[in-house]
Amino acid sequence: MTFALTVLGSGSALPVPARFSTAHLLNVDEHFFLIDCGEGTQIQLRRFTIKLGKINHIFISHYHGDHLFGLFGLISTFTLLGRKPPLHIYCHPEITGMVKHQVGYFSEHPGFELVFHTLRFDEPSFILDEKKVSVWSFPLKHKVETCGFIFKEKQRLQNMRKDALEKYNIPVKQIPLLKSGADFTLEDGTVIPNREITYPPPKPRMYAYCSDTKYDEAIIPLIRGADLLYHEATFGSDMDEQAEKTGHSTARQAALIAKAAGVKQLLIGHFSIRYKTIDFLLKEARDIFPDTVAAEDGLKISVPLVR
Ligand SMILES: [Zn+2]
């Protein structure tokens, strides 16, 4: 089952051809989740051959334009394409107002329902219960109210052992119960423990998205053990003061968070346009957290299943 992230935009405030503004797409078993929607996100979706119609949930971390300007064009395109399913948008109430105004001003009725979900910026919140995945938001420390997001696969059921099915002649109708952890009782009353007839499912995979934020140790318990952590790294340590002043992080700070949270892999991005190459940002992060990769537009990271 797929659990893969595609970086649609890896840049920061000023989009350039090589680095569009922030947007990520998470594919969980062909259920697509769009996280932030910088200017030109719909172009990137087409460039990386992602079907627009598969996106039903969009998460906007905050109302700075480089995370948001693509939303208006994308909604307009959905309308032109004759979209029918509802589109769920998780965002700040200010954004709800902006989108409603824009849709009302430029479009006829979109032909599909826009469902807005207001984020909380004071505490972590459970925001979406999907078939394969659960999503939480949590507050970050930026210049304006900002949320990060956690996507976690649901725990799968136990898997049946084929040899046990034959050995104990287990009836098909009993299988759902056994997969849920029940023991199996033979006709003579002998109880076969569940561990002898099943084996454990793969571990649920987790993606944590830390949008624009200062260095903030408060998020560490929330993102602990993530398979993949995205943490912004707008600046290098040469710009420590600027990072603090603008509510952003350095690559070193992103790596410190990844290390403290014991994540498996760190993805850094949202690089300032002042850097012509980001090699030294990557080195700065890898010196602290070796399993770091730098975001590039089109970069795809698949998280494997592990038992
Ligand atoms: Zn911002």
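An account of the accompanying structure is given in this report. (Residues numbered from 1 in each chain as written. Predicted model: local features only at pLDDT ≥ 70, side-chain atom pairs only at ≥ 80, totals over all residues. Heavy atoms only, no water.)

A look at the coordination of the zinc ion
1) Next: Around the zinc ion, the protein contributes the donor atoms His 62 (NE2), His 64 (ND1), His 142 (NE2) and Asp 212 (OD), at 2.2 to 2.3 Å from the metal centre.
2) Next: One can describe the site at the zinc ion as irregular: its 4 donor atoms subtend angles covering 90 to 169° at the metal.
3) Next: When the donors of the zinc ion are listed by position in the chain, the intervening gaps give H-x1-H-x77-H-x69-D. Note that His 142 is positioned in the loop between strand S8 (133-140) and strand S9 (146-153) and Asp 212 in the loop between strand S14 (206-210) and helix H7 (220-223), a separation of 70 residues in sequence.
4) Next: Residue classification places His 142 among the buried positions, given a relative accessible area of 13%. (Donors = N, O, S within 2.8 Å, 3.2 Å for Na, K, Ca; no water. Tetrahedral: all angles 85-135°; square planar, octahedral: opposite > 155°, others 65-115°. Helix = DSSP H or I, 4+ residues; strand = E, 2+ residues; numbered from the N terminus. Buried < 20%, exposed > 50% of the residue type's maximum accessible area, 1.4 Å probe, protein only.)

Details of the sheet that holds strand S2 (residues 23-28)
1) Next: The 7 strands are arranged S6-S5-S4-S3-S2-S1-S18 in an open sheet whose pairing can be described as mixed. If you trace the sheet from one side to the other, it starts and ends with strand S6 (114-118) and strand S18 (300-302), each paired once. Taken pair by pair, the neighbouring strands of this sheet meet at an average axis angle of 20°, ignoring direction.
2) Next: Along the sheet face, helix H3 (residues 93-106) touches strand S5 (87-91) and S6 and points at about 160° away from the line of S6. (Pairing = 2+ DSSP bridges. Axes fitted to C-alpha atoms, helices over the stretch in contact; angles between N-to-C directions. Contact = heavy atoms within 4.5 Å.)

Here's the deal with unusual backbone geometry
1) Next: We note that Glu 30 has phi near 70°; this positive angle belongs to a residue other than glycine.
2) Next: Examined against the element boundaries, Glu 30 turns out to sit in the loop between S2 and strand S3 (31-35).
3) Next: A positive phi angle, close to 65°, is found at His 270, a residue other than glycine.
4) Next: For His 270, the location among the structural elements is in the loop between strand S16 (265-269) and helix H10 (279-286).

Structural notes on the packing of helix H9 (residues 251-261) against H10
1) Next: Closest axis-to-axis distance for the H9/H10 pair is 8 Å, and the angle between their directions is 30°. By the angle class used here, H9 and H10 are roughly parallel. Both H9 and H10 take part in a crossing whose hand is right-handed. Only Leu 281, Glu 284 and Ala 285 of H10 make contact with H9, whose side of the interface consists of Ala 251, Arg 252 and Ala 255.
2) Next: Here the residues of the contact of H9 with H10 are counted per class, giving 4 nonpolar, no polar and 2 charged. (Parallel < 35°, antiparallel > 145°, perpendicular 65-115°, else oblique. Left-handed = near helix turned anticlockwise from the far one by under 90°. Nonpolar A, V, L, I, M, F, W, Y, C, P; charged D, E, K, R; others polar.)

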